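Working through the structure, step by step
Below, each chain spelled out in residue letters.
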Amino acid sequence: MGCFFSKKSKRKSSETGDERTPQTTTVDTTTTGHAVPLGNNSEEAPKQYSWDKREKVDPKDYMLTGLRDVTVGRLPGKLNGQQFVIQECENCDIYVLDHSATVTIDDCVNCRVVLGPTKGSVFFRDCKDVKCVVACQQFRTRDCKKMEVFLCCATQPIIESSTGMKFGCFQYFYPELAFHFKDAGLSIFNNNWSNVHDFTPVSGENNWSLLPEASAVLDSVPGPDPESEFKSVRISGNPERSIVPLTKGGRRKDSEESCLFVFFAGEYATANARKLIDEATAKGFVLIQTKEVSMKPEDVKRVFQSSAEDLVEWNTKGPVIALELNGDGVVEACKSIASDVFSGTKVFVSDNKNSSSRDVDSFFNFADMQMGL
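Not measured: the values here are computed from a predicted model.

1. A look at the overall build of the protein
The secondary structure content of the protein amounts to 7 helices and 18 strands. Within the structure as shown, the protein displays about 19800 Å² of accessible surface, and the carbon and sulfur contribution to it stands at 46%.

2. Structural notes on the nonpolar core
Generally speaking, a soluble globular protein has its nonpolar side chains buried in company with each other. Judged by nonpolar contacts, the single largest core of 47 residues is most densely connected at Phe-170, Tyr-172, Phe-181 and Phe-261. Of all the secondary-structure elements, those providing two or more residues to this core are strand S9 (128-142), strand S10 (145-153), helix H2 (177-183), strand S15 (258-263), helix H4 (269-282), strand S17 (320-326), helix H6 (330-341) and strand S18 (347-350). Among the elements that take part in this core, H6 stands out by supplying 6 residues, more than any other. The residues contacting Phe-261, other than those within four sequence positions of it, are Leu-276, Ile-321, Ala-322, Leu-323, Cys-334, Ala-338, Phe-342, Val-347, Phe-348 and Val-349. Listed in part, the 35 residues of the second largest apolar core include Val-96, Met-147, Leu-151 and Ile-159.

3. Overview of the pairing of strand S4 (residues 84-87)
Relative to S4, strand S2 (residues 63-65) runs parallel, the two sharing 3 bridges. By the bridge assignment, Leu-64 is partnered in S4 with Ile-86. Here S4 pairs with strand S6 (residues 103-106) via 4 bridges, running parallel. Bridged to Phe-84 within S6 is Val-103.

4. Digging into the state of the cysteines
Should the sulfur atoms of two cysteines be covalently bonded, the bond is a disulfide. Across all of its chains, the model carries 0 disulfides by this definition. For the unlinked cysteine Cys-132, the closest cysteine sulfur is that of Cys-127, found at 9.0 Å. Residue class for Cys-132 comes out buried when judged on its relative accessible area of 0%. Sulfur of Cys-259: no disulfide; nearest cysteine sulfur belongs to Cys-334 and is 3.9 Å away. Given the relative accessible area of 0%, Cys-259 is considered buried.

5. Let's talk about the packing of helix H5 (residues 297-304) against helix H7 (residues 353-370)
Running from amino to carboxyl end, H5 crosses H7 at an angle of 150 degrees, the nearest separation of the two axes being 9 Å. Along the contact surface, H5 presents Asp-299, Arg-302, Val-303 and Phe-304, while H7 presents Ser-362, Phe-363 and Phe-366. Here the contact of H5 with H7 is composed, by residue class, of 4 nonpolar, 1 polar and 2 charged.

6. Side note on H6
Spacing of three or four residues puts side chains on the same side of an α-helix, whose turn is 3.6 residues. Here H6 contains 12 residues, and its C-alpha end-to-end distance of 16 Å stays within 8% of the 16 Å for a straight helix at 1.5 Å per residue. For H6, the set of buried residues is Val-330, Val-331, Ala-333, Cys-334, Ile-337 and Ala-338. End-on, the buried residues of H6 take up no more than an arc of 165 degrees, which puts them together on one face. Opposite its buried face, H6 presents the exposed residues Glu-332 and Asp-340, each directed more than 90 degrees away.

7. Concerning the environment of Asn-80
Summarising the element assignment, Asn-80 is placed in the loop between strand S3 (71-74) and S4. With a relative accessible area of 52%, Asn-80 lands in the exposed category. Spatially, the C-alpha atoms of Asn-80 and His-180 are 8.9 Å apart, while their sequence positions differ by 100 residues. The residues contacting Asn-80, other than those within four sequence positions of it, are Asp-98 and His-99. Looking at Asn-80, its side chain comes within polar contact range of the main-chain oxygen of Gly-77, at 3.0 Å.

8. So, the pattern of salt bridges
Pairs can form between side chains of opposite charge whenever their charged atoms are close. Using the criterion set out here, one finds 13 salt bridges in the structure. In this structure, Glu-324 and Lys-253 form a salt bridge, with 2.6 Å as the shortest nitrogen-oxygen distance. Highlighted residues: Glu-324 in strand S17 and Lys-253 in the loop between helix H3 (217-220) and S15, separated in sequence by 71 residues. Lys-253 gets classed as partly exposed once you look at its relative accessible area, which sits at 38%. Lys-291 is paired through a salt bridge with Asp-368; the nearest N and O atoms lie 3.6 Å apart. With Lys-291 in strand S16 (residues 286-293) and Asp-368 in helix H7, this pair connects stretches of sequence that are 77 residues apart. Given the relative accessible area of 3%, Lys-291 is considered buried. One network of salt bridges, in which partners are shared, links Glu-213, Lys-248 and Asp-254.

Rules of the game
Residues numbered from 1 in each chain as written. Predicted model: local features only at pLDDT ≥ 70, side-chain atom pairs only at ≥ 80, totals over all residues. Heavy atoms only, no water. Helix = DSSP H or I, 4+ residues; strand = E, 2+ residues; numbered from the N terminus. Areas by Shrake-Rupley, 256 points an atom, 1.4 Å probe, with all protein chains shown as cover. Core = buried A, V, L, I, M, F, W, Y, C linked by side-chain atoms within 4.5 Å. Buried < 20%, exposed > 50% of the residue type's maximum accessible area, 1.4 Å probe, protein only. Contact = heavy atoms within 4.5 Å. Pairing = 2+ DSSP bridges. Disulfide = S-S within 2.5 Å. Axes fitted to C-alpha atoms, helices over the stretch in contact; angles between N-to-C directions. Nonpolar A, V, L, I, M, F, W, Y, C, P; charged D, E, K, R; others polar. Expected span 1.5 Å × (residues − 1). Arc of directions from axis to C-beta. Polar contact = N/O pair within 3.5 Å; in protein donor to acceptor, adjacent residues only side chain to side chain. Salt bridge = Lys/Arg side-chain N within 4 Å of Asp/Glu carboxyl O.

The following block contains the structure:
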């Protein structure tokens, strides 16, 4: 089947209301015959609750509306996970360089949009001639026309009543982006950008397609104007610097030979996966797809079969990161890389090209089922 390598709460009483009434003085003369004050006549300051101290949110800080011919957006640290709204903008360059909860974009025309990682959904409605860079849990469009989307999406992208939609793999970098992915709860390895579902297909027509493989993100969505407030953010569209690995996705593979390479959880799993991509692509091989997913012992046994015994204990340490690499001779090359570069790391690599396709199908079918794809 394959081979592997080791390497406090305040007490509430009748006196704690929103308004305290001063207590009356009670007299006790039981033992002394003198008046003894039993209460407290001094007024106390009203209690401060956590919601009283919470910073008030101004909705206008989380909205761009009715703008034309300007460069606008939000710098890193300005959203911090809030929801964001963009509406009725025309011919604008919009850079939302922070993580958010959800983003809705309505009635925008001829705009270039960059959205930092979004924990929930990004929803475009009634938009036309928009080019964008998006990372999110869920991507949807409705009643949109002519869009180019460089996408990282954890689930299956959905278009509805939309035409002329073109999709490419997310290619973007700015210094805070990796932290924003983490804050949004998104994995850079779970990207279903090319697995688009058309909710309203038309017989004989195709409402969406994939962008040419050589498409460069900055050709569609240029960097900020040097005179804008975003000039200090070091943005790059170089695929080699992209936070999300550039994958071939659903495009036709150049070779019939693919290899499954899996990193079992460890402190350096992400860095190791990136290093493998660099090593393999330098040798001319192509990254087809990636996944980061948790596995139960029974999952390991089912997916890895004869190699599972030595792998089961490792899956309890966290999610695994899997990559499909493609090209003639890729299996032997990956085995060599595993031995030379990752000898101290727990990995699984397809053992031979006759069984490697089965390895790839077995793992990624399992991963898609786990993720509801």
